[in-house]
Amino acid sequence: MAYDKFTVLTSTAVPMPIENVDTDQIIPARFLKATKREGFGDNLFRDWRYNGDDTPKQDFVLNNPIYSGKILVGGRNFGSGSSREHAAWAIYDYGFRCVVSSFFADIFKGNSINIGLLPVQVSPEFLDKIFKAIEADPKAELEVNLPEQTITIVATGEQESFAINGYKKHNMLNGYDDIDYLQAMKDEIKTFAEASLY
Amino acid sequence: MSTPKSLFDKVWDAHVVRKIEDGPDVFFIDRHFIHEVTSPVAFLGLETRGIDVLFPERTFATADHNTPTINQHLPVADPLSANQLKALETNTAKYGISHWGLGHAKNGIVHVVGPENGITQPGMTIVCGDSHTSTHGAFGAIAFGIGTSEVEMVLSSQCIMQPKPKKMRVTINGKLGAAVMPKDVTLYIISQLSAAGATGYFVEYAGDVFRNMSMEGRMTVCNMSIEMGARGGMIAPDETTFSYLKGRELAPKGEAWDKAVAYWKTLPTEEGATFDLEYNFDAADIEPQITYGTNPGLGTGISQHIPTANQVKDGEASYKKSLGYMGFAENEQITGKPIDYVFLGSCTNGRIEDFRAFASIVKGRKKADNVTAWLVPGSHIVESQIKEEGILDILNDAGFELRQPGCSACLAMNDDKIPAGKYAVSTSNRNFEGRQGPGARTLLASPLVAAAAAVTGKVTDPRELI
Ligand code: SF4
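Attention here is on the structure that accompanies the text. For clarity, every value in this text was computed on a predicted model and none was experimentally measured.

1. Here's the deal with the overall build of chain B
Thinking step 1. Counting its regular elements, chain B contains 16 helices and 18 strands.
Thinking step 2. Here chain B has a C-alpha radius of gyration of 21 Å; the compact-globule value for 466 residues is 23 Å, and the two agree.
Thinking step 3. Each principal axis of the C-alpha atoms in chain B carries an extent, and together these give about 55 × 55 × 45 Å.
Thinking step 4. Counting across all 466 residues of chain B, residues that qualify as buried make up 68%.
Thinking step 5. Considering only contacts in chain B between residues 6 or more positions apart, those separated by 24 or more positions represent 76%.
Thinking step 6. Accessible surface for chain B amounts to roughly 15200 Å². Of this, 50% is attributable to carbon and sulfur atoms.
Thinking step 7. Averaging the coordinates of the 43 positive side-chain charges in chain B and doing the same for the 53 negative ones gives two points 0 Å apart.

2. Regarding the interface of chain A and chain B
Thinking step 1. Taken together, the contact between chain A and chain B spans 54 residues of the former and 73 residues of the latter.
Thinking step 2. Buried area between chain A and chain B, summed over both chains or domains, comes out near 5100 Å², and the portion from carbon and sulfur atoms is 60%.
Thinking step 3. Across the pair B:Arg435 and A:Asp24 runs a salt bridge, and its minimum N-O distance is 3.2 Å.
Thinking step 4. The tally of links from chain A across to chain B stands at 24 residue pairs in polar contact (both at pLDDT 80 or more).
Thinking step 5. Elements with a minimum of two residues in the side of chain A that touches chain B: α1 (23-26), α2 (46-49), α3 (86-94), α4 (106-115), α6 (166-174), α7 (178-183) and α8 (186-194) of chain A.

3. So, the site of the ligand
Thinking step 1. If you check the shell around the ligand, you find B:His65, B:Ile109, B:His111, B:Asp130, B:His132, B:Ser346, B:Cys347, B:Cys407, B:Cys410, B:Leu411, B:Asn429 and B:Arg435 and nothing else.
Thinking step 2. Looking at side-chain class alone, the shell around the ligand contains five nonpolar, five polar and two charged residues.

4. Points about α4(A)
Residues and elements named next belong to chain A.
Thinking step 1. Counting buried positions over the ten residues of α4 gives seven, a clear majority of the element.
Thinking step 2. Along α4, the residues classified as buried are Ile107, Phe108, Asn111, Ser112, Ile113, Asn114 and Ile115.
Thinking step 3. Where α4 ends, the next residue or the one after it, Gly116, has phi of about 95°, a positive value.

5. Description of the packing of helix α6 (residues 182-193) of chain B against helix α8 (residues 215-223) of chain B
All names here are of chain B.
Thinking step 1. Remark: α6 packs on α8, axes separated minimally by 8 Å, with the N-to-C direction vectors making an angle of 25°. With respect to each other, α6 and α8 are oriented roughly parallel. Regarding α6 and α8, the two cross each other, and that crossing is right-handed. From α6, Pro182, Lys183 and Thr186 reach across to α8, where they touch Gly217, Thr220 and Val221.
Thinking step 2. In terms of residue class, the contact of α6 with α8 is built from two nonpolar, three polar and one charged.

6. Quick word on the pattern of salt bridges
Thinking step 1. Evaluated as defined, the whole model comprises 38 salt bridges over all chains.
Thinking step 2. Across the pair B:Arg49 and A:Asp177 runs a salt bridge, and its minimum N-O distance is 2.5 Å. With one member in each of two chains, B:Arg49 in helix α2 (residues 40-49) and A:Asp177 in the loop between α6 and α7 form a pair that bridges those chains.
Thinking step 3. With relative accessibility at 11%, the residue A:Asp177 sits in the buried group.
Thinking step 4. One salt bridge in this structure joins B:Lys167 and B:Asp9, with 2.6 Å as the shortest N-O distance.

7. Section: the sheet that holds strand β6 (residues 150-153) of chain A
All names here are of chain A.
Thinking step 1. Pairing is mixed across the open sheet formed by seven strands, whose spatial order is β4-β3-β2-β1-β5-β6-β7. Because the sheet does not close on itself, it has two edges, and the strands there are β4 (118-121) and β7 (158-161). Neighbouring strand axes in the sheet, compared pairwise and without regard to direction, differ in orientation by 30° on average.
Thinking step 2. Relative to β4, strand β3 (residues 98-101) runs parallel, the two sharing four bridges. The residue bridging Cys98 from the neighbouring strand is Leu118, located in β4.

8. Examining α8(B)
Thinking step 1. The buried fraction of α8(B) amounts to nine of the nine residues, a majority that puts the element mostly inside the structure.
Thinking step 2. Of all the residues in α8(B), the buried ones are B:Met215, B:Glu216, B:Gly217, B:Arg218, B:Met219, B:Thr220, B:Val221, B:Cys222 and B:Asn223.

9. Here we look at the nonpolar core
Thinking step 1. Membership of the largest hydrophobic core comes to 186 residues, with the highest contact counts inside it found for A:Phe45 and B:Phe358.
Thinking step 2. Among the elements that take part in this core, helix α16 (residues 447-456) of chain B stands out by supplying eight residues, more than any other.
Thinking step 3. Those residues in contact with A:Phe45 that sit more than four places away from it in its chain are A:Met16, A:Val21, A:Gln25, A:Ile26, A:Phe60, A:Leu62, A:Leu72 and A:Phe78.
Thinking step 4. By size, the runner-up hydrophobic cluster in this structure holds 25 residues, among which are A:Phe126, A:Ile130, A:Ile134 and A:Ile151.

10. Focus on the state of the cysteines
Residues and elements named next belong to chain B.
Thinking step 1. Scanning the model with the defined rule gives zero disulfides over all chains in all.
Thinking step 2. With no disulfide partner, Cys128 has as its closest neighbouring cysteine sulfur the one in Cys347, 9.5 Å distant.
Thinking step 3. Residue classification places Cys347 among the buried residues on the basis of a relative accessible area of 7%.

11. Focus: the environment of A:Val73
Residue and element names in this part refer to chain A.
Thinking step 1. Tracing the backbone through its elements, the reader meets Val73 in strand β2 (residues 71-74).
Thinking step 2. C-alpha of Val73 to C-alpha of Asn51: the two residues are 22 residues apart in sequence and 23 Å apart in space.
Thinking step 3. If sequence neighbours within four positions are ignored, Val73 has contacts with Ala13, Val14, Pro15, Met16, Val100, Leu127, Ile130, Phe131, Ile134 and Leu142.

12. Re the packing of α2(B) against helix α5 (residues 148-157) of chain B
Residue and element names in this part refer to chain B.
Thinking step 1. The contact between α2 and α5 brings their axes to 8 Å, and the two run at 55°. With respect to α5, the element α2 is oriented oblique. In terms of crossing hand, the pair formed by α2 and α5 is right-handed. Along its contact with α2, which presents Val41, Ala42, Phe43, Gly45, Leu46 and Arg49, the element α5 presents Thr148, Val151, Glu152, Leu155 and Ser156.

13. Remarks on the environment of B:Pro419
Residues and elements named next belong to chain B.
Thinking step 1. Residue placement: Pro419 occurs in the loop between α15 (391-397) and β17 (423-426).
Thinking step 2. Distance from Pro419 to Arg441, taken between C-alpha atoms, is 8.8 Å for residues 22 residues apart in sequence.
Thinking step 3. Leaving out residues up to four positions away in the same chain, Pro419 has contacts with Tyr341, Pro438, Gly439 and Ala440.

Procedures and definitions
Here the residue numbers are simple positions, counted from 1 along each chain's written sequence. Following the order in which they are written, the chains are lettered starting with A and the ligands numbered starting with 1. In keeping with the model being predicted, local features are shown solely for residues with a pLDDT of at least 70 and side-chain atom pairs are shown and tallied solely at 80 or more, while totals for entire chains, interfaces and linings include all residues. Note that the side-chain values use all heavy atoms of the structure and ignore hydrogens as well as water. Elements are defined by DSSP. Helices are runs of H or I of four residues or more, strands are runs of E of two residues or more, and each kind is numbered from the N terminus. Note that the radius of gyration is over C-alpha atoms, with the globule rule given as 2.2 Å times the number of residues to the power 0.38. Working definition: with a 1.4 Å probe on protein chains only, accessible area under 20% of the residue-type maximum means buried, over 50% means exposed, and in between means partly exposed. Only heavy atoms enter the contact rule, under which two residues are in contact if any of them lie within 4.5 Å. Residue burial considers only the protein chains on display, and all accessible areas are found by Shrake-Rupley using a 1.4 Å probe. Positive: Lys, Arg. Negative: Asp, Glu. His and the chain ends are not part of the count. A charge is said to be at NZ when it belongs to Lys, at CZ for Arg, at CG for Asp and at CD for Glu. Buried area: the accessible area, evaluated with a 1.4 Å probe, that two parts lose upon being put together, summed over both parts. One side-chain nitrogen of Lys or Arg within 4 Å of one carboxyl oxygen of Asp or Glu is enough to make a salt bridge. Pairs of N or O atoms within 3.5 Å make up the polar contacts considered here, provided that, within protein, one atom can donate a hydrogen while the other can accept it, and that residues adjacent in sequence are counted only when both atoms are side-chain atoms. When at least one non-hydrogen atom of a residue lies within 4 Å of a molecule or strand, that residue is treated as near it. Note on residue classes: Ala, Val, Leu, Ile, Met, Phe, Trp, Tyr, Cys and Pro are nonpolar, Asp, Glu, Lys and Arg are charged, and everything else, Gly too, is polar. Axes here mean lines fitted to C-alpha atoms, for a helix over just the part in contact, with angles spanning 0 to 180 degrees between N-to-C directions. Angular relationships are summarised with four words: roughly parallel below 35 degrees, roughly antiparallel beyond 145, roughly perpendicular across 65 to 115, and oblique for the angles in between. Definitions for this section: a left-handed crossing has its near helix turned counterclockwise from the far helix by less than a right angle. A right-handed crossing has that turn clockwise. Any two strands between which DSSP finds at least two bridges are classified as paired. Buried Ala, Val, Leu, Ile, Met, Phe, Trp, Tyr and Cys residues form a nonpolar core when they are joined through side-chain atoms within 4.5 Å. The term disulfide is used for any two cysteine sulfur atoms that are within 2.5 Å.

Right, dumping it as structure tokens:
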């Protein structure tokens, strides 16, 4: 599935300073019944965002009009739990292009990169600075620079680098995915399979 | 002399098709399981790109996540679920993939049916669009959950792109105490390491406790590896593994069997192999466990009190939120808490040994009036075993009924939802907010603890009832 290329993103951010945000919260299981990949953003954080009668919960950050932007900033161990890629789809579909945390669950991180949502892992100290910057000014902007692999709090110029392997970076910069790569090496895979024990 | 290798290294290295510089490995997958929830979009992707399934014989499909657990002979009432089940049927037929759909004699939860039919074997690489694929590691396979994009990769190329994870070994020696089950062992490990403690690692479980464990027990332990963030867990294959597999329908036969066993015997970790991280625990420190919070790391021995915020690794705010959701307070005693529901089932504890354990406690007792109990076998094969062994009679005499196989209240995608605010002692694997239904409060535990709760109506130490 094609996704937007990612180079430099400068945007305000939505703060969610909660630890262990699991994928059941990001998109509850009852919304996984679609056979197409569309509309998941509507149910992003469904049970934190809406009451049982579908009225918005006023104290939840996505319902607070002072916060907006293409960057979601979460607490440690973001995306734990289920392997559902729907969690990354829901975040992407809602309009985010980047998630920042001091620690990501593995499968979530992999799924995100695969669909064009950039996970940026920063130090706990830098995460704290980001939360403080947004707290001081909800309109504070962050710059995420993929070619340079840096994230900057625009107002203060404070910056940190983040890691991403060269292969995935190339894909994100160009909007390519792994399937394109694998299709191009099918013969090699077939030869490998012939020698397989199973 | 060559460097001693671990089980994990041997299996991993044997499956690397190509190494990408400054990138992941192109990793070959021997067996691929699919189910109705995470596969439709992958098939749609194949269609959009106009590409085919490369090796349909390496993929197996079962319907489990949103299937009903009563009246399975009737049409599925929920139109969205019915639609997904239909999509699985159409897609597998179109590409020639085996499909054990609703009503099929081999239908059941994907991680239960794979092993019991001999599909899962030592030394294999196994993936599925479900995080508890780690279950299959019990056989000495590398098995882990993948996302839907990766399901599409495996269908189209039998490979995924994976950086090699780091290695962790968890060793537990000694002898387990009374009423301590494999589920308690895994809940104990997770409580010690926390819900994120193994992120980035692949875990090998070693030591007396795992050597002496049945295959069912090993599956329970490997299943929960993901709940401490690990990609997967594995246990070296041995005679227990071989005798479990021998004669199963899709296991190798005759000469192929001998050849396979000879290879499997070369797999265990060699003396002196190194790990990036090692933990050692003593079996004697493990008592029956129960969770009190909203991630599987928030668990403790059943005789203990709920810890205070400064005793846990989660941040104070997250911990308070967690206890608030559960309606619990710091320092409270857990035993004696009234409960409303009991769920026995899931790919963690929906196998025959789990039902035997549950029956051993409820035998000659009665289900508590205030408890609604859902007993859901992991597969039709497990269901038949329950009947053949006379376990069903014991359950019925005690006032319990048996439902039909499926994931059920493990993730509450079907009608089996715990109502908001109610407490469930559950043998499944996740106690996240709303996992078992919006507002549901989950206490994870072993089948023995679940049985003790079911007959007393409150959290009860099973050691009092054995
Ligand atoms: S029983 Fe639960 S954890 Fe296991 S496959 Fe089903 S939903 Fe996933």
